[in-house]
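Architecture at a glance
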Amino acid sequence: MALSKIACNRLQKELLEWQRNPPTGFKHKVTDNLQRWIIEVIGAPGTLYANDTYQLQVDFPEHYPMESPQVIFLPPAPMHPHIYSNGHICLDILYDSWSPAMTVSSICISILSMLSSSPEKQRPTDNDRYVKNCKNGRSPKETRWWFHDDKV
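I will try to describe carefully the structure that is included in this document. Only a predicted model underlies this, so the values are computations on that prediction, with no experimental measurement involved.

1. Things to note about the packing of aromatic side chains
Inspection of the entire model under this criterion finds seven aromatic pairs. Summarising the aromatic geometry, the rings of Y49 and Y54 are spaced 6.5 Å apart at their centres and angled 70 degrees between planes, so their arrangement reads as edge-to-face. On the basis of relative accessibility, which here comes to 0%, the residue Y49 falls in the buried class. Between Y84 and Y130, the ring centres sit 4.3 Å apart and the planes meet at 40 degrees, which makes this aromatic pair tilted. Separated by 46 residues along the polypeptide, Y84 in the loop between β4 (70-73) and α2 (104-116) and Y130 in helix α3 (residues 127-133) bring together distant segments of the chain. This pair shows no difference in class: Y84 is buried, exactly as Y130 is. A connected cluster of aromatic rings, assembled from ring pairs, spans W18, W37, F60, Y64 and W98.

2. Examining the pattern of salt bridges
This model, assessed by the stated rule, comprises seven salt bridges. For the salt bridge of E14 with R10, the shortest nitrogen-to-oxygen distance reads 2.8 Å. On the criterion of helical spacing, the pair formed by E14 and R10 is a turn pair, its members being four residues apart in helix α1 (residues 5-20). One salt bridge in this structure joins R36 and D59, with 2.6 Å as the shortest N-O distance. Of this pair, R36 sits in strand β2 (residues 36-42) while D59 sits in strand β3 (residues 53-59), and the two are 23 residues apart along the sequence. Each of K27, K29 and E40 takes part in salt bridges that share partners, so that together they form one network.

3. A closer look at the sheet that holds strand β1 (residues 26-29)
One open sheet holds the four strands; their spatial order is β1-β2-β3-β4, and the pairing between them is antiparallel. Lying at the two open borders of the sheet, with one neighbouring strand each, are β1 and β4. Within this sheet the neighbouring strands show an average axis-to-axis angle of 25 degrees, counted without direction. Running at roughly 30 degrees to β2, α1 makes contact with β1 and β2 of the sheet. Sheet strands touched by α2: β1, β2, β3 and β4. Its angle to β2, the strand with the most contacts, is close to 35 degrees.

4. Considering the environment of Y49
With respect to the helices and strands, Y49 occurs in the loop between β2 and β3. The sequence separation of Y49 and P78 amounts to 29 residues, and the corresponding C-alpha distance is 8.3 Å. Excluding residues within four positions of it along the chain, Y49 makes contact with G43, A44, Y54, P78, M79, H80, L115, S118, E120 and K121.

5. Some details on α2
The terminal C-alpha atoms of α2, which comprises 13 residues, lie 18 Å apart, in line with the 18 Å expected from a rise of 1.5 Å per residue. If you follow the buried residues of α2, they end up packed against α1, β1, β2, β3 and β4.

So, how was this worked out
Residues numbered from 1 in each chain as written. Predicted model: local features only at pLDDT ≥ 70, side-chain atom pairs only at ≥ 80, totals over all residues. Heavy atoms only, no water. Phe/Tyr/Trp six-rings, centres within 6.5 Å; stacked < 30°, edge-to-face > 60°. Buried < 20%, exposed > 50% of the residue type's maximum accessible area, 1.4 Å probe, protein only. Helix = DSSP H or I, 4+ residues; strand = E, 2+ residues; numbered from the N terminus. Salt bridge = Lys/Arg side-chain N within 4 Å of Asp/Glu carboxyl O. Pairing = 2+ DSSP bridges. Axes fitted to C-alpha atoms, helices over the stretch in contact; angles between N-to-C directions. Contact = heavy atoms within 4.5 Å. Expected span 1.5 Å × (residues − 1).

If you want it as structure tokens, here you go:
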């Protein structure tokens, strides 16, 4: 599905803004694909993930920013109570709480803060069951997430 004109314009603006002022701890890997961004995440100093490096894949829907992007970690995904081993992330702003005012930068900052606040490196308790149910490349946006843990 191609991006709408609105989505294209918005993403070009976000990309320029990112190049001028990238969020701390992130590097955008430059490709010519505006619809899929690969972003390197570097764990924040003084946290369990300090100096760990991960990669986020951000896929933009046709009607971005009215619709949220799909954001997943490429393998190996960080060990975290809200991140599944298949890279799916349980974070409300990626689904129910998405707002068109949010940007790739604000998503990245939220993900880093979620990583930084984790007291231990572990998988979600239902990881194996969830990942098995996602076998056929199901999008995390098709999951009915239940956001119940505000501590991490």
